[in-house]
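# Coordinates in review
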Amino acid sequence: MLAGAAPLTPEEIAALLEPWLGQSDLSDDLPLPQLIDVTLDPDVTVDMAALAEEIASVPGATLDTHHRWRQELRATAETIRLVAFGALALIGFTTIAMVVFAARAGLAANRHVVDVLHLMGAQDRFIARHVRLHFLALGLQGGLLGTGLALATFYGLRLTGNSAATYFVDL
């Protein structure tokens, strides 16, 4: 069941607290619990409820498996992921609507040009194809520019040496 167990030294406990308290010496006024690092055998299934009851029978001892914390973290990450996909879908639909309205506004603003093209014998299909190609080219240019700027931003975050930037993308 146990692959190993060892009490943590005060230096190891201080190293665990360093991200929150900084690299200062812990004063004796701050009571720190004695922590025991337990490694379980991965091939053995442990009844954590029974283990928690057994440990609770020892005065002042508690079992912290981080199970609830990990579940909450996973649920939060999944919620953030779903919200991000929702925002991405909303941005996509908004972009499509903007292109449609921009094309209609462009045709309405250039109605006199369309009328002249009709007088010259141009079919609606010809005019519509050229308008679609024009807006497709504009959309591709904007998409490529946006993608390039996004990649440059992520690369710049990566160059700052900030370890939090690695959560965005692993280039």
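Small disclaimer: the values here were computed from a predicted structure and weren't measured.

### Comments concerning the overall build of the chain
Secondary structure assignment for the chain yields 5 helices and 2 strands. Reading the chain from its N terminus to its C terminus gives the helix and strand order β-α-β-α-α-α-α. The buried share of the chain, taken over its 171 residues, is 6%. For the chain, the share of sequence-separated contacts (at least 6 apart) that also reach a separation of at least 24 residues comes to 47%. Accessible surface for the chain amounts to roughly 14,400 Å². Of this, 65% is attributable to carbon and sulfur atoms.

### Considerations on the packing of helix α3 (residues 67-109) against helix α4 (residues 111-119)
Two numbers describe how α3 lies on α4: the axes approach to 4 Å, and their chain directions differ by 70°. Of the possible angle classes, the one that applies to α3 and α4 is roughly perpendicular. Mapping the contact onto sequence places Leu107, Ala108 and Ala109 in α3 and Arg111, His112 and Val114 in α4.

### Regarding the pattern of salt bridges
Per the stated rule, a full pass over the model turns up 2 salt bridges. Between Arg68 and Glu72 there is a salt bridge, with the nearest N and O atoms lying 3.8 Å from each other. Of the two residues, Arg68 and Glu72 are both situated in helix α3; the distance of 4 residues between them amounts to about one turn of the helix. Accessibility expressed as a relative area gives 62% for Arg68, which makes it exposed.

### Some points on the layout of surface pockets
Of the voids in this model, the largest pocket is the one considered here, and its volume is about 1,200 Å³. Taken together, 27 residues make up the lining of the largest pocket; nearest its centre are Leu35, Ile36, Thr62, Leu63 and Asp64. Secondary-structure elements contributing two or more residues to the lining of the largest pocket are β1 (2-7), α1 (10-21), β2 (36-40) and α2 (48-56). Of the residues belonging to the lining of the largest pocket, the class tally is 19 nonpolar, 5 polar and 3 charged. Computed from the structure, the second largest pocket encloses a volume of approximately 170 Å³. Lining the second largest pocket are Ala103, Gly106, Leu107, Asn110, Val113, Val114, Leu117, Ile127, His130, Val131, His134 and Phe135. Those elements that place two or more of their residues in the lining of the second largest pocket are α3, α4 and α5 (124-159). Here the lining of the second largest pocket gets 5 residues from one element, more than from any other, and that element is α5.

Calculation rules
- Residues numbered from 1 in each chain as written.
- Predicted model: local features only at pLDDT ≥ 70, side-chain atom pairs only at ≥ 80, totals over all residues.
- Heavy atoms only, no water.
- Helix = DSSP H or I, 4+ residues; strand = E, 2+ residues; numbered from the N terminus.
- Buried < 20%, exposed > 50% of the residue type's maximum accessible area, 1.4 Å probe, protein only.
- Contact = heavy atoms within 4.5 Å.
- Areas by Shrake-Rupley, 256 points an atom, 1.4 Å probe, with all protein chains shown as cover.
- Axes fitted to C-alpha atoms, helices over the stretch in contact; angles between N-to-C directions.
- Parallel < 35°, antiparallel > 145°, perpendicular 65-115°, else oblique.
- Salt bridge = Lys/Arg side-chain N within 4 Å of Asp/Glu carboxyl O.
- 1 Å grid on protein atoms, 1.4 Å probe; cavity = no way out; pocket = protein on both sides within 12 Å on 5 of 7 lines; lining within 4 Å.
- Points joined across faces, edges and corners; volume = space filled by probe spheres on them.
- Nonpolar A, V, L, I, M, F, W, Y, C, P; charged D, E, K, R; others polar.

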